[in-house]
Amino acid sequence: MSSAPYRNLEEDLISVDSAGSQSDAAKFSSQPTDGKREYNVEVVGMDDLSSNNRFRRGAEGLKYSRKCMLSIIFITVFAFLLILLVAIIAHGSNSKESAVESFFPWKDIRLPTSIKPQQYDIFLVPDLTHQFVMGNVSIIIHVNGTPNFIVIHAKNMMLNHTQLNEMDSSFKVVSPSDVEVKSPIMSEHLGAAYFGLSKNLKDGSIYQLNISFTYNRTEGLSGFYFSKYQEDNVTKVIGSTQMEPIDARRAFPCFDEPQLRANFTLKIVHDASNDVVLFNTPKSKTEPFGDASRKRLLTTFETTLSMSTYLVAFVICEFSNITTTTSSGTQVSVFSRREEGDQMQLALDAANKTIPFYESYFQLPYPLPKQDMVAIPNFAAGAMENWGLILYRESALLFKEGVTRAYRQQYVVVVIAHELAHQWFGNLVTMKWWDDLWLNEGFASYMEYVGTDNFRPEWNMMDQFIVDTTHEALARDALSESHPISVEIRDPDEIGARFDTITYSKGAAVIRMIHDYLGQDVFEKGLQIYLKRHAYNNTQTSDLWEALREASEANDKEVDVKDLMDYWTLQMGYPLVTFKKDKGKIHVTQEQFLIYPSGAPTDAYTSKFNYKWKIPLTYTYYTGPNTQSGSILVSPDEDAVFDVPSDIGWIKGNVNQSGFYRVNYNADNWKALTTVLLTDHGKMQPADRASIIDDAFHLFRAQKVDLEVPFEMIDYLKHERHYVPFVTTLDNLIYIRGVLQFHKLYDNFTIYLEGVLSQAMTDLTMEDTGDHLKKILRGRLVDFLLNNGHPETLKWAADNFVAYKNGSSTVGVNLAPIMKCGGVRTGREEDWNFVWEQFKSNKIASEKYVLLRAVTCTRDPAILTWLLFECLENRYIRSQDGISTIQYIFENPVGANIATNFVMENWDQLAEKYGSDLFALTRLVPKMTSWISGEVQSFHVLEFLNTKYESVPLGLQTAILQATEQLEVNVEFVKWSAEKMEQWLAEKLSASM
Ligand code: BES
Ligand code: ZN
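Residue numbering note: each chain is counted from 1, following its sequence as written. Chain A is the first chain written and ligand 1 is the first ligand written, with later ones labelled in order. In keeping with the predicted nature of the model, local features appear solely for residues at pLDDT of at least 70, side-chain atom pairs appear and are counted solely at 80 or more, and the whole-chain, interface and lining totals rest on all residues. Hydrogens and waters are ignored; side-chain quantities use all the structure's heavy atoms.

**Q** Can you break down the overall build of the chain residue by residue, with the values?
**A** Helix numbering and strand numbering both begin at the N terminus, where a helix is a DSSP run of H or I of at least 4 residues and a strand a DSSP run of E of at least 2. Helices and strands together make up the secondary structure of the chain, namely 31 helices and 29 strands. Under the scheme applied here, a residue whose accessible area is under 20% of the maximum for its type counts as buried, over 50% as exposed, and between as partly exposed, the area being computed with a 1.4 Å probe on protein chains only. Per-residue burial for the chain yields a buried fraction of 62% across its 993 residues. Here, two residues are considered to be in contact whenever any of their heavy atoms come within 4.5 Å of each other. Taking the intrachain contacts of the chain between residues at least 6 apart in sequence as the baseline, contacts between residues at least 24 apart amount to 73%. Surface exposure of the chain reaches about 36800 Å², of which carbon and sulfur atoms provide 50%. Throughout, the Shrake-Rupley method with a 1.4 Å probe supplies accessible areas, and for residues the shown protein chains are the sole cover considered.

Set out below in structure tokens:
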């Protein structure tokens, strides 16, 4: 569940109803200026430093002595430069670094250390109708050294006027500074402005830096952006923000690095009708602004705590809200569109219970007076943890009893628990730089389970962790194109790509491993030390390890946590541990686990540990009638041995799968484990059963065990009814079924699976009853059967779809999405039209999502093609949902080829629309190859990816390498395993006849 964010791309937002008819240029030029010339950023940026000075003098010449000959020369030179520049940009627009960049005097991705911001006063005058913003920011800066330039982040905006005032130590302006600020040089690539200064700044002094700016924002879901929605047939516009990771620089000029914490104030102008205006802090006053006839107000907010720029947020809207006060006195509110006002209670209850829980877990009060949570109609991520003002996708915050299915309900609580965990881990204590992003995201992805478990203990969250997090991370990290958790960041393009499965899920899984190793008390105490020590400050990974070490020392069992955990965070991959039993001893060896050992190893990273790990190894064995457990710390340098009674029935490593490794055994032990599963699976915990299954399938795929090892286990699904191991098995079968999709084996494989699953279906029935996990399990099983093409399930869907169209469906909420997909799949065009109309008119976010998914289930190639193009046009499908829609179509067997061809043929349009948000394409590309296993098709796709590789940003290059490897893995897997599977299936099927 905590996999990398469900980002959809986009840099583009206002899909359906995008308003701006005026071109950007027309709008900019129509804005009043303060009399200084506005430089087109690229034009100025193109020049080098010294020529910029020349240019600047020329610009002033234009202003002050228009008739002078010199100016005419400058105008001519300017025009020439402009034409030259346009030519260079046009020529180089496809290359990674445009020509402009080479003229930018500051080359480093990190800002110079000579300037430290302390306080920002932001003043904004947004025009929601025209999606235009005028603003001013006044920043108190401290100078360290004697720089004669300032580099500040600013992206896609005009910097109209910049000025410096000197301040005394009590932050009073002493005098306008005699330091003249030159016109900026802009870097599009770094998103930064370089201001030359006429004199060096004084070491140790304080200045106020004032910058006025303007921008318009008709595209994109980042920075300060605008979304439209309809309410009672009236178009409304909401202004909201998404700053993380590096888009605060699109909203106001700032020193946009996590370590450059500051206090922020905001004054914002808005129409009186926009009655909900929110910032990280509560508002302090609202007063009339400007011409009374325009009914505009100016709202001022309290100053924030010291925090990073990526956590700044504000919202202007007309939403409704519900509010409560937690037991510890925080005012919590949930906001949504007025039409969705009845869907907010779950979110309020979850936050109300989780804030005090974390306060006690972390032993630190939530430091703000309020926590607002807002459902935004068009939102790129699932949610964003802005301090005191968390923003969500509608479907990640809103829940409607009787409409939203259980898994989505759980997702809402999980997202809330994740974002609230960030209020401490991320906001109060922040990573120094993006290379340690995992400290934020890995930790929150662990705590989301702990927090949700506290709110709904019966959901069994800690077992669910292994299905949604550990297994996903183990699969991803078994590719040789993986990367370590902590990775150096060399380019802004790489930051977005860091929000991936390794950061989130492997990060969470290794936190779980160390939690388990240290024990609850030491873990909690260590976190408390860490948060208290670094509150309002920034850290790196070693600071967390040190706090945990201190806690273990205080508990009289000191663990060198850094020494242990460096093996897991500084090198990619993970170990395969092999147990060999020899009388009363178990010999333990380790090697890196790779799913495709013969694939080319990546040369992007080297390991100083030589791909060996220090492993907190746990095991459990059966001595009849009981099981016994033990643990050892396996050294990276030598094989380990431990004693067991010589007559054990079986042994299983990695108890509860709380470690991040896989385990292999000799054939006898595998047989014994299989027998336990088949005959008496209750002898083992659900998490242990799941871990045996997941290891067996992956070891087979890596050619480390025979086909019989996992395949003989499949039969145990006849008896298994626990969600965690059941779904683990389904997930593994889905992979094999997926790659066999166009293979002659497919029919036999699916027929066999239907035989195995029929008992479970009979037991579970089609009645949407039982506890939470039973409902989710039933949903997963029916969905599996539908995708299997199971005739009875298809018939069930078709029959009930008729009732659904008549308004008389009795299918419960957890099965309804599958019924709708099945109805569309088996139905005619009019059935598709029916669901499409429902999608267009539905107002419930969770249901809209179900309907969108259902329309992608059609087998009609023409409709699928139309839907794919709609993802570029966004007339009905919001840009936030475009990439997921394409992904659904990849999952549809009829759609897979169509979508793959669509992506290849429309790559440029997709890149233009979604490309400025790296997350989008980095998600799409691996999905595109995940099911391909035919050699002919893979050849085309490989060739295509290969041609794109050089021209895409760094983060996307990594995604292309992974996708390429996944594709090779699939093709190879089918090649060497098909014959074995064929034989095995033939025997099974003939035996059952
Ligand atoms: N900080 C992220 C949001 C984010 C993601 C910002 C990517 C910028 C780029 C947030 O805390 C997050 O991780 N959200 C997740 C939800 C979570 C339950 C995994 C998301 O958006 O999916
Ligand atoms: Zn997060």
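**Q** Break down the confidence of the model for the chain for me, with residues and values.
**A** Residues with a pLDDT of 70 or more make up 89% of the chain, whose mean pLDDT is 88. Throughout residues 6-77 the model reports pLDDT below 50, and contacts reaching past four residues in sequence, or to other chains, amount to 165 contacts. pLDDT gives the predictor's per-residue confidence on a scale running from 0 to 100.

**Q** Hey, could you go over the side chain of S333 for me, with residue numbers and the actual values?
**A** Secondary-structure assignment places S333 in strand β17 (residues 331-336). Nitrogen and oxygen atoms within 3.5 Å of one another constitute a polar contact, given that in protein one can donate a hydrogen and the other can accept it, and given that sequence-neighbouring residues count only through two side-chain atoms. At 3.0 Å, the side chain of S333 and the side chain of T323 are in polar contact.

**Q** Please provide a residue-by-residue account of the coordination of the zinc ion (ligand 2), values included.
**A** Each metal site lists N, O and S donors within 2.8 Å (3.2 Å for Na, K and Ca). With water left out of the atoms, a site can look as if it is missing ligands. For the zinc ion (ligand 2), every protein donor is listed as H418 (NE2), H422 (NE2) and E441 (OE), and the spread of their distances is 1.9 to 2.1 Å. All donors of the zinc ion (ligand 2) belong to a single chain; written as a sequence motif, their spacing is H-x3-H-x18-E. Taken as a pair, H422 in helix α7 (residues 406-424) and E441 in helix α8 (residues 437-455) lie far apart in primary sequence, 19 residues in all. Exposure class is identical for H422 and E441. Each is buried.

**Q** Talk me through helix α30 (residues 935-949); I want residue IDs and the actual numbers.
**A** Here the expected length of a helix is defined as 1.5 Å per residue gap, with one fewer gap than residues. If you check α30, its first and last C-alpha atoms are 21 Å apart, about what 15 residues at 1.5 Å a residue would give, namely 21 Å. For α30, the set of buried residues is S938, V941, F944, L945 and K948. Looking down the long axis of α30, one finds its buried residues gathered within 130° of arc, a one-sided arrangement. In α30, those exposed residues whose orientation departs by more than 90 degrees from the buried face are E935, V936, F939, N946 and T947. Relevant arc is that of directions from the helix axis to the C-beta atoms, nothing else.

**Q** Run through the packing of aromatic side chains, naming residues and quoting values.
**A** Stacked, tilted and edge-to-face are the three classes applied to pairs of Phe, Tyr and Trp rings, where Trp contributes its six-membered ring and a pair requires centres within 6.5 Å; stacked means planes under 30 degrees apart, edge-to-face means over 60, and tilted covers the rest. Per the stated rule, a full pass over the model turns up 60 aromatic pairs. Their ring planes at 70° and their centres at 5.4 Å tell us that F700 and W976 sit as a pair that is edge-to-face. Of this pair, F700 sits in helix α16 (residues 686-701) while W976 sits in helix α31 (residues 954-992), and the two are 276 residues apart along the sequence. For F700, a relative accessible area of 0% gives the class buried. Summarising the aromatic geometry, the rings of F973 and W976 are spaced 5.7 Å apart at their centres and angled 90° between planes, so their arrangement reads as edge-to-face.

**Q** Requested: an account of the pairing of strand β1 (residues 115-127), with residues and values cited.
**A** In terms of strand pairing, β1 meets strand β2 (residues 132-143) through 12 bridges, oriented antiparallel. Counted as the bridge partner of D121 is S138 from β2. Linkage of β1 to β2, two consecutive antiparallel strands, is achieved through a turn of four residues, within which Q131 is found at a positive phi near 55°. Sheet analysis places β1 next to strand β11 (residues 263-271), joined by six bridges and oriented parallel. Residue pairing across strands places F123 opposite K267, the latter belonging to β11. In this scheme, strands are said to pair when DSSP sees at least two bridges between them.

**Q** Break down unusual backbone geometry for me, citing the residues and quoting the values.
**A** E244 connects to P245 through a cis peptide bond whose omega is -5°. Within the fold, P245 resides in the loop between β10 (234-242) and α5 (248-251). In this structure, P625 follows G624 across a cis peptide bond, with omega equal to 5°. Within the element layout of this structure, P625 appears in the loop between β25 (615-622) and β26 (627-634). In the Ramachandran plot, Q657 falls in the positive-phi region, its phi being about 45° despite a non-glycine side chain.

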